[in-house]
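# Descriptive structure summary
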Amino acid sequence: MNNTTLINKARAYCEQRGARFTPLREKVYQILLGKHGPMGAYELLDSLKETESSAKPATVYRALDFLLEFSFIHRLESTNAFVACHHFGCQHPVQFLICDSCGDVAEIQSEGLQETLDTQAKKFGFKVSKQTVEAHGLCADCQEAETSPIEDAKHEC
């Protein structure tokens, strides 16, 4: 789904729920949709200031709170950053693969993980209401770059 389609879907989703998808909230969501990796609040603020010179940290945090509430974005707890969600409107368990080298983030749906967690939680009389798993490592591109020989490299100890 392209970004324009997602923005229109988000607008309609808010309208159906009687919420306002303000131009500022839309702009913050657009910025996150356009970014390939996660963004921190202050990085978002810097991007927002390119078109909204009066934007302040509180402005961004209010927009982020709204976008999180409506599941348009996810918060990466381990890095305190945000990524756009491309399939909002449904309750879904979230798993992320986060590359520690380039910062790329992939949202995945691990088959069986939710069921396993629910089964184990049930044994303790616990009901899971929300689940997020963040796995850190290296993406395929960074693994390849790490193992590629560097030509003409000299190493002196």
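Shown above is the structure to which this text applies.
Residues numbered from 1 in each chain as written. Predicted model: local features only at pLDDT ≥ 70, side-chain atom pairs only at ≥ 80, totals over all residues. Heavy atoms only, no water.

Using the criterion set out here, one finds 12 aromatic pairs in the structure. Look at Tyr-42 and Tyr-61: their rings are 6.4 Å apart centre to centre, the planes differ by 75°, and that puts the pair in the edge-to-face class. Placement of Tyr-42 in helix H3 (residues 41-49) and of Tyr-61 in helix H4 (residues 57-69) is noted, with a sequence separation of 19 residues between them. Tyr-61 sits in the partly exposed class, given a relative accessible area of 37%. These aromatic residues form a ring-pair network of at least three members: Tyr-13, Phe-21, Tyr-29, Phe-66, Phe-70, Phe-72 and Phe-88. Stacked on the ring of Phe-88, the Lys or Arg Lys-9 has its end atom at 4.9 Å from the ring centre. The positively charged end of Arg-25 is found above the aromatic ring belonging to Phe-66, 3.8 Å away from the centroid. (Phe/Tyr/Trp six-rings, centres within 6.5 Å; stacked < 30°, edge-to-face > 60°. Helix = DSSP H or I, 4+ residues; strand = E, 2+ residues; numbered from the N terminus. Buried < 20%, exposed > 50% of the residue type's maximum accessible area, 1.4 Å probe, protein only. Lys NZ or Arg CZ within 6 Å of the ring centre and 35° of its normal.)

Residues Phe-21, Tyr-29, Leu-32, Leu-64 and Phe-72 are the most contacted members of the largest nonpolar core, which totals 29 residues. Counting residues per element, the ones that place at least two in this core are helix H1 (3-16), helix H2 (23-34), H3, H4 and strand S2 (81-84). In this structure Tyr-29 touches Leu-6, Ile-7, Ala-10, Phe-21, Leu-67, Phe-72, Ile-73, Ala-84, Cys-85 and Phe-88, once residues within four positions along its chain are discounted. Counting six residues, the second-largest nonpolar core is a separate cluster that includes Leu-76, Val-83, Val-94 and Val-105. (Core = buried A, V, L, I, M, F, W, Y, C linked by side-chain atoms within 4.5 Å. Contact = heavy atoms within 4.5 Å.)

Let us look at the packing of H2 against H4. H4 packs onto H2 with a crossing angle of 80° between their chain directions and a minimal axis gap of 9 Å. Classed by the angle they form, the pair H2 and H4 counts as roughly perpendicular. Along the contact surface, H2 presents Leu-24, Arg-25, Val-28, Tyr-29 and Leu-32, while H4 presents Thr-59, Ala-63, Leu-64, Phe-66 and Leu-67. Across the contact of H2 with H4, the residue classes break down as eight nonpolar, one polar and one charged. (Axes fitted to C-alpha atoms, helices over the stretch in contact; angles between N-to-C directions. Parallel < 35°, antiparallel > 145°, perpendicular 65-115°, else oblique. Nonpolar A, V, L, I, M, F, W, Y, C, P; charged D, E, K, R; others polar.)

Read from one edge of the open sheet, three strands run S4-S3-S5, paired in mixed fashion. Bordering the open sheet on either side are strand S4 (105-108) and strand S5 (132-137), each of which pairs with just one other strand. When strand polarity is set aside, the average angle formed by the axes of neighbouring strands in this sheet is 20°. Pairing between strand S3 (residues 94-99) and S4: four bridges, direction antiparallel. The residue bridging Leu-97 from the neighbouring strand is Ala-106, located in S4. (Pairing = 2+ DSSP bridges.)

Now for the environment of Leu-97. Mapped onto the secondary structure, Leu-97 falls in strand S3. The exposure class assigned to Leu-97 is partly exposed, which follows from its relative accessible area of 41%. With 88 residues separating them in the primary sequence, Leu-97 and Lys-9 have C-alpha atoms 26 Å apart. Residue contacts for Leu-97: discarding those within four places in its chain leaves Asp-104, Val-105, Ala-106, Ile-108 and Ala-135.

Here the focus is H1. The terminal C-alpha atoms of H1, which comprises 14 residues, lie 20 Å apart, in line with the 20 Å expected from a rise of 1.5 Å per residue. For H1, every residue scored as buried is listed here: Leu-6, Ile-7, Ala-10, Tyr-13 and Cys-14. Taken end-on, H1 shows its buried residues confined to a sector of 125°, consistent with a single buried face. Projecting away from the buried face of H1 at angles above 90 degrees are the exposed residues Thr-4, Glu-15 and Gln-16. (Expected span 1.5 Å × (residues − 1). Arc of directions from axis to C-beta.)

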